[in-house]
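# Chain and residue survey
Spelled out, the chains give:
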Amino acid sequence: MESNFVQATCDYPTACKLLDCGESTVRRLCQQGELTCIRHGRKMRIFLDSIEAYTQRAHDRATAEAASKRKVLNQ
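We now turn to the structure provided with this report. (Residues numbered from 1 in each chain as written. Predicted model: local features only at pLDDT ≥ 70, side-chain atom pairs only at ≥ 80, totals over all residues. Heavy atoms only, no water.)

### Thoughts on the nonpolar core
To keep it simple, the criterion reads: What is meant by a nonpolar core is a set of buried Ala, Val, Leu, Ile, Met, Phe, Trp, Tyr and Cys residues, joined one to another through side-chain atoms within 4.5 Å. Partly exposed residues are those whose accessible area sits between 20% and 50% of the maximum for their type, while under 20% is buried and over 50% is exposed, using a 1.4 Å probe and protein chains only. Helix and strand definitions here come from DSSP, where helices need a minimum of 4 consecutive H or I residues and strands a minimum of 2 consecutive E residues; each element is numbered from the N-terminal end. By definition in these notes, contact holds between two residues if any of their heavy atoms fall within 4.5 Å.
Counting twelve residues, the largest nonpolar core is built from Cys10, Tyr12, Ala15, Cys16, Leu19, Val26, Leu29, Cys30, Leu35, Ile46, Ile51 and Tyr54. Listing elements by their share of this core, those giving two or more residues are helix 1 (12-19), helix 2 (23-31) and helix 3 (48-73). Looking at this core element by element, the count peaks at four residues for helix 1. Once residues within four sequence positions are removed from consideration, Cys30 is found in contact with Tyr12, Leu35, Cys37 and Ile46.

The following block contains the structure:
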């Protein structure tokens, strides 16, 4: 039986690769609450679903910004 309480996590280096950014950016996103993290012993783990949600929010913001710029240019 699969547990509903276990969620996939990754470490900082993996999150950096997934987000194509540096470790300081990942740490800042965790501190700001953009990414959900948990301490596991001495290591911090980032929930993969929070990385997916963050990239979706970033995509949505970029799409809205591009649409806004197109609207201004077309006036």
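### Structural notes on the packing of helix 1 against helix 3
Note the following rule: Fitted lines through C-alpha atoms give the axes, limited to the stretch in contact for helices. The angle between two N-to-C directions lies from 0 to 180 degrees. Any angle that is under 35 degrees is reported as roughly parallel, and any over 145 degrees as roughly antiparallel; angles of 65 to 115 degrees are reported as roughly perpendicular and all others as oblique. By the definition used in this description, the sense in which the near helix is turned from the far one sets the handedness, with an anticlockwise turn below a right angle giving left-handed and a clockwise turn giving right-handed. Here the term charged refers only to Asp, Glu, Lys and Arg, the term nonpolar to Ala, Val, Leu, Ile, Met, Phe, Trp, Tyr, Cys and Pro, and the term polar to all other amino acids, Gly among them.
Viewed as axis vectors pointing N to C, helix 1 and helix 3 meet at an angle of 25°, and their least axial separation amounts to 11 Å. Accordingly, the angle class assigned to the pair helix 1 and helix 3 is roughly parallel. The two elements helix 1 and helix 3 meet at a crossing, and its hand is right-handed. Where helix 1 abuts helix 3, its residues Ala15, Leu18 and Leu19 lie against Leu48, Ile51, Tyr54 and Thr55. Class assignment for the residues of the contact of helix 1 with helix 3 results in six nonpolar, one polar and no charged.

### Digging into the pairing of strand 3 (residues 43-47)
Rules: The pairing criterion for strands is at least two bridges between them, as found by DSSP.
Bridge count between strand 1 (residues 9-10) and strand 3: two bridges; the pairing is antiparallel. Residue Thr9 lies in a different strand from strand 3, and its bridge partner there is Phe47. What sits between strand 2 (residues 37-40) and strand 3 in their antiparallel hairpin is a turn of two residues, with Gly41 showing a positive phi close to 70°.

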